[in-house]
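# Descriptive analysis of the structure
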Amino acid sequence: MLAQAEQSYKEALSQLEGAESTAVLEAWYRDTLGRKGNIYLLTRQVGQVDPAERPAFGKRINEIKTALESAYEERLATLRTAELEAELAGSAIDVTLPGRRSWHGRLHPATQTLRQIYRIWGDMGFQIYRSRDVETDHYNFELLNIPQHHPARDMWDTFHTVTPGVILRTHTSPGQIHAMHDYCPEPIRVILPGMCYRYEQITARSEIQFHQVEGLAVGRNITFTDLKGTLTAFARRMFGADRAVRFRANYFPFTEPSAEMDVECILCNGSGCQVCKYSGWLEILGCGMVHPNVLRNGGYDPAVYSGFAFGMGPERIAMLKYGIDDIRYFWGNDLRFLAQF
Ligand code: DAH
C-alpha cells in the first residue's frame, strides 16, 4: 500500500511539472487531489492498512497530500503569471505610435461670413429679422414699388411656383415690408439675412441661389448722412479700419436716392488687380433712402418717418475676401474647397 502511494506521488509530481496551462493543471487537480482523485482516495483507505503499518502510512500519505497541495499552488501561480504576460504582450499598446487624426467639422465659408456680418450689425444695435423664402409677387415686387410690367423687374429673373403669384424670393427686400408691418409705428433697426433664388444660367459669376443680408432702419429724422456713416462703420469693421469707401449714385425702385458702396480693393489695396478689374474698387452693396411709397406700404407716414436700407451678398464678400473666382464652389459640396476655410 505504501509502495503504491509512493508510486502515485511520483507520477502525480511529474504530471504536475508537465502541465503547461492552468486548464491542464485544473484537470490534474481533479484527478489527483479532488474528491475522486487517486491520492485523495488513498487517504480514505487508511483503515484497510495493516494496523501495525497504519500510523506510518497515515503520516506518509498526509505528507504526500500536503506536498502535492503546495506544489499545485506554486505551479498555478507560475502558470497564471505566464498566461497573463502572454495576454498582455498580445494586446500591447505601442505608446510611440502617432495618434489617429480626428476630423473636425467646420463652418461653411458662407456661414462664417454671415456670422461676421451678424456680429458687426449686432454691435450696432440691429436685430436679426427672418422671413420666408417663399414669397408672393405682391411682397417681392409690388409693395417694393416695382409694379407689374415695370422694366426694373428685369433685374430679378424669377422662379415661379405652380400657384400664380407665389414665387421664390429674388432678394431679401420683401422682408423690409414684413418687418415694417410687424413693428409699425415703432422705430426699426433690423438686418434680414436669408437665401434668395434667381432663374439664371449658372456660371462662375451667377448662381440660382445665394444669400443676402438686407438692412433696414426706420425712424424720425433718419438721413442719408446716417446711411453713409453706418455703412462706413460696417465696412471698416468688415474690411479693415483704414479701408477707403465711396458711394456711387445708382437706381433701385425701392430707394430714393439710391447708391452703391465700394470699398478700396482688399486684394491690391487700390493699386489695381484682376479682381477689381484694375479699378482699385470693389462693389460691396446697394443702398438708399427708403422710398416714400415703400414706407407707406409698410404703414409708416413718409411725412413723419424716414429710413435707409441696404442689401449685400455674403458669398460675393467671401469671394472678394478670399479671392474665390467661381461662385459654384459654394454649393458644390467639394470638401477640397470647403476644407480650406
Ligand atoms: N434687393 C437688391 C438686390 O437684390 C439689393 C438692395 C439694394 C437692397 C438697395 C436694398 C437697397 O435694401 O436699398 O439687388
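Here's a quick rundown of the structure. (Residues numbered from 1 in each chain as written. Predicted model: local features only at pLDDT ≥ 70, side-chain atom pairs only at ≥ 80, totals over all residues. Heavy atoms only, no water.)

## Comments concerning the side chain of Q212
By the element assignment, Q212 lies in strand β5 (residues 209-219). Here T172 takes part through its backbone nitrogen, which lies 2.9 Å from a polar atom of the side chain of Q212. Not counting chain neighbours up to four residues away, the residues in contact with Q212 comprise H171, T172, L192, P193, G194, C196, R198, M312 and P314. (Helix = DSSP H or I, 4+ residues; strand = E, 2+ residues; numbered from the N terminus. Polar contact = N/O pair within 3.5 Å; in protein donor to acceptor, adjacent residues only side chain to side chain. Contact = heavy atoms within 4.5 Å.)

## Describing the sheet that holds strand β6 (residues 245-252)
Sheet strands pair via backbone hydrogen bonds, and the direction of the pair is either parallel or antiparallel. The seven strands lie next to each other as β1-β4-β5-β9-β8-β7-β6, forming an open sheet whose pairing is mixed. Edge strands, defined here as strands with exactly one partner in the open sheet, are β1 (127-128) and β6. The sheet contact formed by strand β7 (residues 255-264) and strand β8 (residues 281-290) spans eight bridges and is antiparallel. Opposite S258, over in β8, you have G288 as the bridge partner. Helix-sheet contacts for helix α7 (residues 174-183) involve β1, β4 (188-197), β5 and β9 (306-312), and the interaxial angle to β4 is about 145°. On the sheet, helix α8 (residues 224-239) packs against β6, β7, β8 and β9 and is oriented at approximately 150° with respect to β8. (Pairing = 2+ DSSP bridges. Axes fitted to C-alpha atoms, helices over the stretch in contact; angles between N-to-C directions.)

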